[in-house]
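Below, each chain spelled out in residue letters.
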Amino acid sequence: MNLSETVESLKDEMVKAMVEMLRIEAISPESGGKGELKRAEFLEKWMSGFGFDEIKRCDAEDSRAEGEVRPNIIATIYGKNRERTIWVISHMDTVPVGDISKWETDPFDPVVRDGKIYGRGAEDNGQSLIASMYAAKAIIDSGMKPDYNFSVAFVSDEETGSKYGIQHLVKLGLFKKDDLVVVPDHGVPEGNEIEIAEKSIYWVKVTTYGKQTHSSIPHTGINALRAGSRYLVEVDRALHERFSERNELFSPPISTFEPTKKEENQPNINAVPGEDVFYFDMRIIPEHNIADIMGLMNEVAERVSKETGARIVPEVYRGEQSPPPTPPDSEVVMRLSRAIEKVREIKPKLVGIGGGTCAAYIRQAGIPAAVWSTIDETMHQANEYCKIENLVNDAKVFALLGFRQI
Ligand SMILES: [Zn+2]
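Note that the structure is a prediction, hence the values are computed from the model and not measured.

(A) Spotlight on the overall build of the protein chain. Scanning the protein chain from terminus to terminus reveals 10 helices and 19 strands. Dimensions of the protein chain, computed from C-alpha atoms along their principal axes, come out at roughly 85 × 45 × 40 Å. Residues counted as buried form 54% of the 406 residues belonging to the protein chain.

(B) The coordination of the zinc ion, seen in detail. Distances from the zinc ion to its protein donors, His91 (NE2), Asp124 (OD), Asp185 (OD) and Asp185 (OD), fall at 1.9 to 2.6 Å. Around the zinc ion, the 4 donor atoms are arranged such that angles at the metal cover 52 to 146°; this shape is classified as irregular. In terms of primary sequence, the donors binding the zinc ion are separated according to H-x32-D-x60-D. Taken together, the residues His91 in strand S5 (residues 81-91) and Asp124 in helix H4 (residues 122-142) connect sequence positions 33 residues apart. Using a relative accessible area of 2% as the deciding quantity, one classes His91 as buried.

(C) Here's a closer look at the state of the cysteines. Evaluated as defined, the whole model comprises 0 disulfides. Left unpaired, Cys358 is separated from the closest cysteine sulfur, that of Cys58, by 14 Å. No disulfide involves Cys386; its sulfur sits 19 Å from that of Cys358, the nearest cysteine.

(D) Quick look at the sheet that holds strand S13 (residues 256-262). Strand order in the open sheet formed by 4 strands is S13-S15-S11-S16, with antiparallel pairing between adjacent strands. For this open sheet the edge positions go to S13 and strand S16 (311-320), each flanked by a neighbour on one side alone. On average, adjacent strands in this sheet sit at an angle of 25° to one another, irrespective of strand direction. Pairing analysis gives 5 bridges linking S13 to strand S15 (residues 275-284), with the strands arranged antiparallel. Counted as the bridge partner of Thr256 is Arg283 from S15. Each of strand S11 (200-209), S13, S15 and S16 is contacted by helix H7 (residues 290-308), which is oriented at about 165° to S16, the strand it contacts most.

(E) Summary view of the domain arrangement of the protein chain. Partitioning the protein chain into structural domains gives domain 1 (3-198 + 323-400) and domain 2 (200-320). For domain 1 versus domain 2, the separation of C-alpha centres amounts to 39 Å. For the pair domain 1 and domain 2, the summed buried area comes to about 630 Å², and 62% of that belongs to carbon and sulfur atoms. A per-residue breakdown of the area domain 1 buries against domain 2 is headed by Glu198, Gly352 and Gly354, which together make up 44% of the total. Counting across the domain 1 and domain 2 interface gives 0 salt bridges.

(F) Geometry of the packing of aromatic side chains. This structure, assessed with the given rule, holds 9 aromatic pairs. With centroids separated by 6.3 Å and ring planes inclined at 15°, the aromatic side chains of Phe50 and Phe52 adopt a geometry described as stacked. Residue Phe50 is classed as buried on the basis of its relative accessible area of 8%. Three or more aromatic residues joined by ring pairs make a cluster, and in this case those are Phe50, Phe52 and Tyr134. Of note, Arg82 hangs over the ring of Tyr78, and the distance from its end group to the ring centre comes to 3.7 Å. Its guanidinium or amino end placed over the ring of Tyr118, Arg113 lies 5.7 Å from that ring's centre, counting from NZ or CZ.

(G) Here's a closer look at the side chain of Lys137. Mapped onto the elements of the fold, Lys137 is located in helix H4. Accessibility expressed as a relative area gives 13% for Lys137, which makes it buried. Residues within four places of Lys137 in sequence aside, it is in contact with Leu10, Glu13 and Phe50.

(H) Looking closely at the pattern of salt bridges. Per the counting criterion, the structure on display carries 33 salt bridges. Between Asp99 and Lys102 there is a salt bridge, and its shortest N-O distance comes to 3.0 Å. Relative accessible area serves as the criterion here: at 54%, Lys102 is assigned to the exposed category. Between Arg335 and Asp147 there is a salt bridge whose closest N-O contact spans 2.9 Å. Placement of Arg335 in helix H8 (residues 331-344) and of Asp147 in the loop between H4 and strand S8 (148-155) is noted, with a sequence separation of 188 residues between them. When sorted by exposure, Arg335 lands in the same class as Asp147, which is buried. Here the salt bridges share partners, and the residues they tie into one network are Glu30, Glu36, Asp62, Arg64, Arg70 and Asp157.

Definitions and limits used
- Residues numbered from 1 in each chain as written.
- Predicted model: local features only at pLDDT ≥ 70, side-chain atom pairs only at ≥ 80, totals over all residues.
- Heavy atoms only, no water.
- Helix = DSSP H or I, 4+ residues; strand = E, 2+ residues; numbered from the N terminus.
- Buried < 20%, exposed > 50% of the residue type's maximum accessible area, 1.4 Å probe, protein only.
- Donors = N, O, S within 2.8 Å, 3.2 Å for Na, K, Ca; no water.
- Tetrahedral: all angles 85-135°; square planar, octahedral: opposite > 155°, others 65-115°.
- Disulfide = S-S within 2.5 Å.
- Pairing = 2+ DSSP bridges.
- Axes fitted to C-alpha atoms, helices over the stretch in contact; angles between N-to-C directions.
- Contact = heavy atoms within 4.5 Å.
- Domains from an automatic or database assignment.
- Buried area = accessible area lost by both parts, 1.4 Å probe.
- Salt bridge = Lys/Arg side-chain N within 4 Å of Asp/Glu carboxyl O.
- Phe/Tyr/Trp six-rings, centres within 6.5 Å; stacked < 30°, edge-to-face > 60°.
- Lys NZ or Arg CZ within 6 Å of the ring centre and 35° of its normal.

Pasting the structure below:
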């Protein structure tokens, strides 16, 4: 039996593991859950007989969670060369069920129907977690030693900031410069997109301070809504003009600057508002520096403040400069492309996305990471499911990552 056939023979076991795992809730305390401990203990037990060379826990303390920990599991097969490690990193936590009335099945009592497994967390990120676990089992069962160490990591807290998950592991120094990291937490139904870059997510709060007065005598006040609106229009135009470079990895291939949330300024209509607040959600291509963006926002704020008499204050609400993209010719991208071509007989293309995954923290540490999986994009929705076909085929791709030759 070759490696792909071995994975194929494990299909029923994979479905069973998935169904059993999805029964155990793993929702972050921030989202009203108890954390991931029960699910982690289940997984550790489930794979204890697989024959890994090493299984260890790298938990982070969190007094809000069950057991006061956020668990992280790392299971490793030793390679021919033990100086380097191929990682497949997935997350155990899920988002809450959302509007339960929209679900046709119980989100925590998984249903297998028409080649799909329905349940919260089936696709995000259960599919990749089970696929990577069984890729490892197939390697062990085949009796072959992978080129490098092959480690699967199951982390906590991806949906609510990653502080207790991937960031904790990066801090512990588990990832080395020459390691190869795959994060299967984004994908398309065709399975032909490898993500190598992420835009910076930059949220800016803009507060305009004016002077409140009765709206029948506006000349005695300063209208914060009018001044803030003028700023919105002018800064919006200035940002688009100054930061207009393109990066064709992304769709859209530009930095985006969207005014989004607007806070209520006052309950009544008959006053000139003295204060006004709105927000921008910006997704910035790696060519642009978020500090430069704030520089321009301050420049325009100063000018419009002078012209209107209001005081306009833009400030960072949430901001992270995205790390440089993973080089297209890095070994992890080459190996992954080759494995996808072999299993799915398609040629993957390299893309960038506007969201954020665990890969950003790996890239931040100077280690190349590639994001790939084959999904129908039902994550975070009611009736989330994973296709069994994708579960099995993605497992074949992960298993092949371990070997340059086959
Ligand atoms: Zn996810």
